Amino acid sequence: MRWLELTIGAVLVYNFVLSRFLGICPFLGVSKRVSTAMGMSGAVVAVMTLSSAITSALDIYCLHFELNGRPYDLGFLQTLLFILVIAALVQIIEIVLKKTSPKLYQALGIYLPLITTNCAVLGAATINAKSCHTVLESTVFGCFSGIGFALALLIFSSLREKLELSDPPRAMVGTPIALVTAGILAMAFNGFAGLC
């Protein structure tokens, strides 16, 4: 049951964007085209998975430890350490994307470095630390949380592409209709609340 909650729960029930309302900036900023949403989704899944594994290991083995029978708690460094790890991972992914897919790198623009400050990535690392997950559980939770973020982003971007072909009232064109759509999508995802 624990693994079911970590996997299905992270994707549907406790979706970072649509249930926890974290990571809204890239969700709204990169969701105009499915192609850019796919690129951002892949980057976020990679960063969330790797950062969850690394930050969990650092939290367990470096921030809370015993030396000569005396316990030490460096938990006050947790947020700083987590942000440094996330920033390093984003830089690595940015370099790889720039070399392997310059077109996608250009399409993502400013939103790629903003993954560093994406509160969903930091939220996953913090939730892992607070929930006392093992490194494996943290990695699985981070991966499936990233998949949930990607699912929400891809559904929303495909809806936005369809909305461009429609003829909404003039006052609803652009951001207003996007926000209404995001709200309806969030309500739909909250229907999964009793699953786990």
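Everything numeric in this text was worked out from a predicted model, so none of it was measured.

(A) Local environment of the overall build of the protein chain. Counting its regular elements, the protein chain contains eight helices and two strands. Secondary structure elements of the protein chain, listed N to C terminal, follow the sequence α-α-α-β-β-α-α-α-α-α. The C-alpha radius of gyration of the protein chain comes to 18 Å, within 12% of the 16 Å expected for a compact globule of 196 residues. The buried share of the protein chain, reckoned over its 196 residues, is 42%. A sequence separation of at least 24 residues applies to 77% of the contacts in the protein chain between residues at least 6 apart. Counting only carbon and sulfur atoms, one obtains 70% of the accessible surface of the protein chain, whose full area is about 10,300 Å². Taking the average place of the 12 positive charges on the side chains of the protein chain and the average place of its 9 negative ones, the gap between the two points comes to 10 Å.

(B) Main features of the pattern of salt bridges. One pass over the full model with this rule turns up one salt bridge. Across the pair Glu-164 and Arg-33 runs a salt bridge, and its minimum N-O distance is 3.2 Å. Taken as a pair, Glu-164 in helix α7 (residues 135-164) and Arg-33 in the loop between α2 (24-29) and α3 (34-63) lie far apart in primary sequence, 131 residues in all. Given the relative accessible area of 48%, Glu-164 is considered partly exposed.

(C) How the structure looks around the nonpolar core. The biggest cluster of nonpolar side chains holds 38 residues, and the ones touching the most others in it are Leu-18, Phe-27 and Ile-115. Listing elements by their share of this core, those giving two or more residues are α1 (2-13), α3, α4 (78-100), α5 (102-108), α6 (119-130), α7 and α8 (175-190). If sequence neighbours within four positions are ignored, Leu-18 has contacts with Phe-27, Ala-152, Ala-182, Leu-185, Ala-186, Phe-189 and Asn-190.

(D) Layout of the side chain of Asp-59. Position of Asp-59 relative to the elements: it lies in helix α3. For the buried Asp-59, no salt bridge exists, and the shortest N-O distance to an oppositely charged side chain is 8.0 Å, to Lys-130. In terms of polar contacts, Asp-59 uses its side chain to reach the side chain of His-64, at 3.3 Å. Once residues lying within four places of it in the same chain are set aside, the contact partners of Asp-59 are His-64, Gln-78, Phe-82 and Ala-129.

(E) The arrangement of the confidence of the model for the protein chain in detail. Per-residue confidence for the protein chain gives a mean pLDDT of 89; residues scoring 70 or more make up 98%. Confidence, read as mean pLDDT per element, is least for α5 in the protein chain (82) and greatest for α7 (94).

(F) Examining the packing of aromatic side chains more closely. One pass over the structure, following the stated rule, counts four aromatic pairs. Each ring, one from Phe-65 and one from Tyr-72, has its centre 5.5 Å from the other, and the planes form 20°; the classification is stacked. When its relative accessible area of 29% is taken as the criterion, Phe-65 is described as partly exposed. Of note, Arg-20 hangs over the ring of Phe-16, and the distance from its end group to the ring centre comes to 5.2 Å.

(G) The packing of α3 against α4, seen in detail. Between α3 and α4, the least distance of the axes is 9 Å, while the angle of their chain directions is 145°. Classified by chirality, the crossing of α4 by α3 is right-handed. Contacts from Ala-43, Ala-46, Val-47, Leu-50, Ser-51, Ile-54, Thr-55, Leu-58, Asp-59 and Leu-63 in α3 reach Gln-78, Leu-81, Phe-82, Val-85, Ile-86, Leu-89, Val-90 and Ile-93 in α4.

About the thresholds
Residues numbered from 1 in each chain as written. Predicted model: local features only at pLDDT ≥ 70, side-chain atom pairs only at ≥ 80, totals over all residues. Heavy atoms only, no water. Helix = DSSP H or I, 4+ residues; strand = E, 2+ residues; numbered from the N terminus. Rg over C-alpha atoms; globule rule 2.2 N^0.38 Å. Buried < 20%, exposed > 50% of the residue type's maximum accessible area, 1.4 Å probe, protein only. Contact = heavy atoms within 4.5 Å. Areas by Shrake-Rupley, 256 points an atom, 1.4 Å probe, with all protein chains shown as cover. Lys, Arg positive; Asp, Glu negative; His and termini not counted. Charge placed at Lys NZ, Arg CZ, Asp CG, Glu CD. Salt bridge = Lys/Arg side-chain N within 4 Å of Asp/Glu carboxyl O. Core = buried A, V, L, I, M, F, W, Y, C linked by side-chain atoms within 4.5 Å. Polar contact = N/O pair within 3.5 Å; in protein donor to acceptor, adjacent residues only side chain to side chain. pLDDT = per-residue confidence, 0-100. Phe/Tyr/Trp six-rings, centres within 6.5 Å; stacked < 30°, edge-to-face > 60°. Lys NZ or Arg CZ within 6 Å of the ring centre and 35° of its normal. Axes fitted to C-alpha atoms, helices over the stretch in contact; angles between N-to-C directions. Left-handed = near helix turned anticlockwise from the far one by under 90°.

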